[in-house]
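Here are the chains, one letter per residue:
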Amino acid sequence: MLIGVKKEKELADQLSQQEAMGQSYRDIVRKQFRKNRMAVWSLRLLYVLLFVSLTSDFIANEKPLYCKIEGETYFPVLRQYAVDLGLSTWEAKFFQTNWHDHKYEKVIWAPIPYSANTLDKKNTNFVSPTDDQRVPSKRFWHWLGTDQLGRDVAAGMINGTRIAMLVGVISMSIATLIGIFFGALAGYFGDDRFRITRIRLIMNVVAIIPALFYGFIARSYQLEEGTFGWQMLMGIGIALLFFIAFNLVAKYLERYPKLGQKLTLPIDIMVMRLIETVSSIPALLLVLSIVAIIEKPSIFYIMAIIGLIRWTGIARFIRAELLKIRSLEYIEAAEALGYSEWRIILRHAIPNALTPVLITIAFGIASAILLEAFLSFLGIGLPPAQITWGKLLNLARSQFSAWWLAIFPGLAIFFTVTIFNLLGEGLTDALDPRLKG
Amino acid sequence: MVQYLIKRILIFIPTLLLISLIAFGLSKMAPGDPVESMRTEVESSVLNTERVYEEKAEFLGLNKPAFYISFTSRAYPDTLYKILKKNRRATISKLVAQYGNWPQIQTYYEQIRQVELLMEHLETDTLRESLRQIRPSLRQLYLSYRHKRISSLLETIESKVETDSLIMHTSLPGAVERLKRDYLNVRAESTKHLLYIPDIKWYGWDNQYHNWLTSFLMFDFGVSYFDGRPVSSRMKDALFWTVILNLLAIFFAYLLSIPLGVLSAIWKDSIFDRSTTLLLFILYSLPSFWIATMLVVFFTTPEYGMDWFPSLGTGELPPEAPFLDRFFETATHLILPVFCLTYSALAFISRQVRGGMLNVIRQDYIRTAWAKGLGSRSVVWNHAFRNALFPIITMFASIFPAVFAGSVVIEVIFNIPGMGKLTVEAIFQRDWPVVYTVLMLSATLTMVGILLADILYALVDPRVSYSIKKR
């Protein structure tokens with residue numbers, strides 16, 4: 001059956017009308033989700049967390065939001081962004097005097113007038129929130145106490161929020177990308193639909209050698225001496241270039257019948273074996289041992305490693321969804337229209353498989369945040385200057401009397417994890433067809 | 001069934017290979033030199049130090065090539081692994097990566113050693129002070145690969161050698177002169193094109209990875225880099241505590257969670273159900289390292305007047321104390337850790353039990369059982385619970401590795417010398433034989449757990465059969 005372009009447009013119109021009537025799958029899910037009060041509240045709290053982590057510089061900062069010194073107006077928090085980008089520099093006086101000690105004519109402080117790393121020298125050695133704090137006014141009170149070096153715990157918590165959210169979101173984004181790629185490959189093609197010409201297979205296998213060599217091995221010196229991230233990107237770029245070149249050659253050679261013969265790759269089995277292998281790796285121990293050997297600790301390594309290990313759940317979900325979707329009529333219709341396989345996968349199959357994956361992502365973010373908190377609790381994986389919830393919690397172990405260090409960071413971890421778990425639960429209920437009435 | 005088992009066990013192989021490769025690769029990329037981390041007395045002379053180093057490297061099996069093959073450029077020699085000192089090997093490869101001329105670099109590097117030997121040879125009371133000023137710079141040369149750094153070091157050495165009146169007349173200035181010439185040679189005769197020719201070298205079966213893997217398969221886990229004790233004996237001590245902790249925790253978790261889960265499924269939507277579900281959900285989300293820290297802070301210290309539990313560890317009574325005393329000492333030390341492990345497993349298990357029961361209770365045969373007039377105890381426990389058992393059984397196998405990982409946290413916080421603490425310590429000390437073994441064993445445990453779950457599943461549920469190919 002051939003459906004013309006006109007028909008396709010009509011169909012699209014119909015579909016959009018359906019959506020307008022609130023009949024689309026997503027709308028049903030949304031409606032179900034809204035019935036779950038706990039889930040809705042956790043979604044709202046999630047927005048709050050996101051807001052805090054995006055604006056953390058304006059919430060906890062030793063620099064004033066706005067100030068007037070010697071007749072000149074400054075917006076120091078905003079200015080810091082410009083300085084970080086190299087667009088501006090600080091005047092000497094800002095280096096010489098602490099931010100809190102300037103003579104301001106007018107000043108508006110951030111809600112918490114400390115940065116996570118500000119050392120309040122008058123309040124060192126674990127000052128409790130209820131102690132007598134040596135602060136000029138209630139405005140500078142350490143509401144959640146300080147640690148041994150006099151760092152404000154509340155400011156540390158705000159900074160920790162940002163890091164926890166960063167870790168959760170970015171590591172799960174990496175995991176989602178990998179998971180969708182492998183899941184879609186396995187689910188859409190199955191064991192019998194991935195057909196590739198002989199020469200293309202050979203060329204792709206052969207290309208691994210020069211790609212590896214010229215991308216990474218021959219550049220090992222640059223990788224070690226230069227900026228690692230940048231050199232890594234260049235290496236990946238060079239490797240990709242080799243694959244593209246070899247594929248172009250393969251395309252040219254495909255015209256010879258012997259080389260152009262098509263083979264069927266059992267891609268589903270291959271991917272499933274890979275998933276089984278990766279998921280039986282003891283993740284916690286592996287992450288621990290990888291992070292412990294990195295010489296320049298950075299939060300991005302943690303994100304990348306979590307992402308590279310935790311994609312299997314998402315891949316499983318996508319695969320199962322695509323196995324279902326693959327046999328539906330609209331995929332058949334798209335095939336009949338002569339669309340290429342990649343277009344069908346990317347534009348028709350995957351978008352319809354994504355909603356259920358949200359469940360895994362929600363639970364995955366929760367566990368990624370937990371893992372990061374545990375790593376920094378052990379004191380590995382993050383540069384010393386970076387304050388996180390896990391680190392604050394660990395400080396409680398060095399000073400038992402500092403109850404505020406034991407309670408508040410843990411509460412923050414608990415709340416965040418609960419929010420994501422509740423979201424996952426809510427989504428599971430909303431997507432469960434048995435409950436759909 | 002047998003066929004299925006064999007097939008499943010065959011899948012273990014690539015997984016374990018992958019993990020062994022990852023662990024091995026990590027150990028090779030890790031900074032620090034395992035030979036140096038083994039504590040021994042300091043040797044004075046250059047040749048002696050080298051000899052001791054060689055012996056230690058040989059003892060740890062580090063004098064072999066690392067892997068079956070290497071994939072580098074033509075510029076690297078295939079005997080690079082014979083340079084035993086890890087940091088020198090790294091420096092040389094960085095030099096090669098810049099200039100690509102191995103023979104010249106080798107001459108230059110050998111000359112540094114010659115100068116050092118010569119200095120040792122010359123060392124007399126009169127010259128000692130002057131030589132001491134040169135030595136640090138020379139030692140630095142071993143580890144320098146950037147042109148700026150090397151030339152400034154050479155400059156310093158040369159100026160010191162030529163200005164010092166005592167050294168001036170020895171053979172040292174000549175040797176240093178030669179060293180400088182060798183270095184200039186390295187720069188002048190660079191063969192950078194070699195760096196862009198790929199070269200795959202085969203090292204044969206006698207390599208570090210192969211030796212480690214084969215002895216691992218024969219349950220010889222090697223010796224710890226840290227204290228030279230066999231890994232297996234260290235693990236045996238640690239395993240004892242971990243198994244005790246986890247068995248107790250799993251036992252209590254099942255003991256509590258089965259009635260909780262079953263009852264809340266039967267009385268679905270009652271106050272009991274709602275409150276337990278909420279409570280368990282909260283428990284499920286409570287990070288155990290937080291709870292553990294809180295317990296340690298509040299209940300093991302006199303700080304808050306709640307010093308109800310002994311402090312960390314497992315008790316310190318000597319082995320000759322009466323058994324009962326030792327038993328109670330250990331038991332009181334284990335209460336808090338077992339509690340932490342139990343509550344997190346408890347939440348997970350009873351949620352599963354409740355879910356399983358809910359699924360079963362909807363079935364027709366339960367309605368039939370009620371209709372037959374059977375007592376509620378019979379319906380619930382004989383008809384419903386038996387059929388809800390499957391997920392619980394499956395879980396038992398899969399929960400074991402999970403609890404094992406969980407006990408890493410608990411053991412570190414409560415300072416219990418179990419596997420988790422051993423692993424974390426080994427990772428921090430870069431004690432790779434221990435880390436390898438733990439990684440491999442826990443991966444095996446995970447896979448065996450999953451396999452066991454599948455087999456148990458087939459045993460409990462006659463409908464499940466793995467003999468038929470479609471599963």
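1. Observations concerning the overall build of chain B
A count of helical and extended segments in chain B gives 17 helices and two strands. Here chain B has a C-alpha radius of gyration of 32 Å; the compact-globule value for 471 residues is 23 Å, and the former is much larger. In terms of overall dimensions, chain B has a C-alpha envelope of 110 × 60 × 40 Å along the principal axes. Residues classed as buried in chain B amount to 47% of the 471 residues present.

2. Quick look at unusual backbone geometry
Residue and element names in this part refer to chain B. Non-glycine residue Phe219 carries a positive phi angle of around 60°. As for its position among the elements, Phe219 is in the loop between helix H9 (208–217) and helix H10 (231–266). Relative accessible area serves as the criterion here: at 67%, Phe219 is assigned to the exposed category. The residue Asn415 is not glycine, and still its phi comes out positive at about 60°. Relative to the assigned elements, Asn415 resides in the loop between helix H15 (376–414) and helix H16 (419–429).

3. Let's talk about the domain arrangement of chain A
The assigned domain composition of chain A is domain 1 (21–60 + 152–189 + 296–437) and domain 2 (62–109). Its C-alpha centre places domain 1 of chain A at a distance of 37 Å from the equivalent point of domain 2 of chain A.

4. Comments concerning the sheet that holds strand S3 (residues 106–108) of chain A
Residue and element names in this part refer to chain A. The sheet built from three strands is open, its strands ordered S2-S1-S3 with antiparallel pairing. Lying at the two open borders of the sheet, with one neighbouring strand each, are strand S2 (72–74) and S3. On average, adjacent strands in this sheet sit at an angle of 20° to one another, irrespective of strand direction. Summarising the sheet, strand S1 (residues 66–69) and S2 pair through three bridges and their orientation is antiparallel.

5. Section: H10(B)
With 36 residues, H10(B) should reach 52 Å at 1.5 Å per residue; the first-to-last C-alpha distance of 50 Å fits that figure. Of all the bends found along H10(B), the most pronounced is centred on B:Ser257 and spans about 25°, while B:Pro259, a proline, follows it within four residues.

6. Some words on the packing of helix H1 (residues 2–29) of chain B against helix H17 (residues 432–460) of chain B
Residue and element names in this part refer to chain B. For the pair H1 and H17, interaxial distance at closest approach is 10 Å and the crossing angle is 160°. With respect to H17, the element H1 is oriented roughly antiparallel. The handedness of the crossing between H1 and H17 is right-handed. A per-class count over the contact of H1 with H17 returns 19 nonpolar, four polar and two charged.

7. Examining the environment of B:Phe299
All names here are of chain B. Along the chain, the position of Phe299 falls in helix H12 (residues 288–299). Distance from Phe299 to Leu336, taken between C-alpha atoms, is 9.3 Å for residues 37 residues apart in sequence. Contacts of Phe299, omitting those with residues within four sequence positions, involve Met294, Met306, Asp307, Trp308 and Phe309.

8. Brief notes about the packing of aromatic side chains
Per the counting criterion, the structure on display carries 41 aromatic pairs over all chains. For the ring pair A:Phe181 and A:Phe182, a centre distance of 5.2 Å and an interplane angle of 75° mean the geometry is edge-to-face. We classify A:Phe181 as partly exposed; its relative accessible area is 46%. With a centroid separation of 5.5 Å and an interplanar angle of 15°, the aromatic rings of A:Tyr214 and A:Phe242 are classed as stacked. Residue A:Tyr214 is found in helix H8 (residues 198–217), and its partner A:Phe242 is found in helix H10 (residues 228–253); the two are separated by 28 residues along the sequence. Taking relative accessible area as the criterion, A:Tyr214 reaches 25% and is therefore assigned partly exposed. Judged by its relative accessible area of 24%, A:Phe242 is partly exposed. Taken together, the ring pairs connect B:Phe24, B:Phe67, B:Tyr68, B:Trp202, B:Trp205, B:Tyr209, B:Trp212, B:Phe216, B:Phe219, B:Phe221, B:Trp432 and B:Tyr436 into an aromatic cluster. Sitting over the face of the ring of A:Tyr188, A:Arg193 holds its NZ or CZ atom 4.8 Å from the ring centroid.

9. Focus on the interface of chain A and chain B
Chain A puts 51 residues into the contact, and the matching count from chain B is 61 residues. Each partner contributes to the roughly 4800 Å² buried at the junction of chain A and chain B, and carbon and sulfur atoms together form 77% of this total. For the pair chain A and chain B, the number of links is four salt bridges. The salt bridge involving B:Lys94 is made with A:Glu224; its shortest N-O contact spans 3.2 Å. Of all the secondary-structure elements, those providing two or more residues to the side of chain A that touches chain B are H8, helix H9 (220–225), helix H12 (267–279), helix H13 (283–293), helix H17 (341–378), helix H18 (389–398) and helix H19 (403–431) of chain A. Take the side of chain A that touches chain B: its biggest share by element is twelve residues, from H19(A). Partitioned by chemical class, the residues of the side of chain A that touches chain B number 35 nonpolar, eight polar and eight charged.

10. Re the pattern of salt bridges
A complete count under the given rule lists 25 salt bridges over all chains for this structure. In this structure, the salt-bridge partner of A:Arg273 is A:Glu276, at a minimum N-O distance of 3.3 Å. In this pair, A:Arg273 and A:Glu276 are both assigned in helix H12, three residues apart and thus about one turn of the helix distant. Judged by its relative accessible area of 25%, A:Glu276 is partly exposed. Ionic pairing is found between B:Glu158 and B:Lys180, a salt bridge with its closest N-O pair at 3.0 Å. Residue B:Glu158 is found in helix H7 (residues 147–163), and its partner B:Lys180 is found in helix H8 (residues 172–188); the two are separated by 22 residues along the sequence. We classify B:Glu158 as buried; its relative accessible area is 14%. The structure contains a network of salt bridges with shared partners spanning A:Glu224, A:Glu225, B:Lys94 and B:Arg146.

11. Remarks on empty space enclosed by the protein
All names here are of chain B. Inspection of the entire model under this criterion finds two cavities of 30 Å³ or more. Approximately 60 Å³ is the volume found for the largest cavity. In terms of lining residues, the largest cavity is bounded by Thr300, Phe309, Pro310, Ser311, Leu312, Gly313, Thr332, His333, Leu336, Pro337 and Phe414. Broken down by element, the residue count for the lining of the largest cavity peaks at four residues, all from helix H13 (residues 323–361). A per-class count over the lining of the largest cavity returns six nonpolar, five polar and no charged. Forming the boundary of the second largest cavity are Ser264, Thr276, Thr277, Leu280, Ser350, Arg351 and Arg354. At the level of secondary structure, the elements contributing two or more residues to the lining of the second largest cavity comprise helix H11 (271–285) and H13. Split into classes, the residues belonging to the lining of the second largest cavity amount to one nonpolar, four polar and two charged.

Calculation rules
- Residues numbered from 1 in each chain as written.
- Chains lettered and ligands numbered in written order.
- Predicted model: local features only at pLDDT ≥ 70, side-chain atom pairs only at ≥ 80, totals over all residues.
- Heavy atoms only, no water.
- Helix = DSSP H or I, 4+ residues; strand = E, 2+ residues; numbered from the N terminus.
- Rg over C-alpha atoms; globule rule 2.2 N^0.38 Å.
- Buried < 20%, exposed > 50% of the residue type's maximum accessible area, 1.4 Å probe, protein only.
- Domains from an automatic or database assignment.
- Pairing = 2+ DSSP bridges.
- Axes fitted to C-alpha atoms, helices over the stretch in contact; angles between N-to-C directions.
- Expected span 1.5 Å × (residues − 1).
- Bend = angle between axes of the 7 residues up to and from the residue.
- Parallel < 35°, antiparallel > 145°, perpendicular 65-115°, else oblique.
- Left-handed = near helix turned anticlockwise from the far one by under 90°.
- Nonpolar A, V, L, I, M, F, W, Y, C, P; charged D, E, K, R; others polar.
- Contact = heavy atoms within 4.5 Å.
- Phe/Tyr/Trp six-rings, centres within 6.5 Å; stacked < 30°, edge-to-face > 60°.
- Lys NZ or Arg CZ within 6 Å of the ring centre and 35° of its normal.
- Buried area = accessible area lost by both parts, 1.4 Å probe.
- Salt bridge = Lys/Arg side-chain N within 4 Å of Asp/Glu carboxyl O.
- 1 Å grid on protein atoms, 1.4 Å probe; cavity = no way out; pocket = protein on both sides within 12 Å on 5 of 7 lines; lining within 4 Å.
- Points joined across faces, edges and corners; volume = space filled by probe spheres on them.

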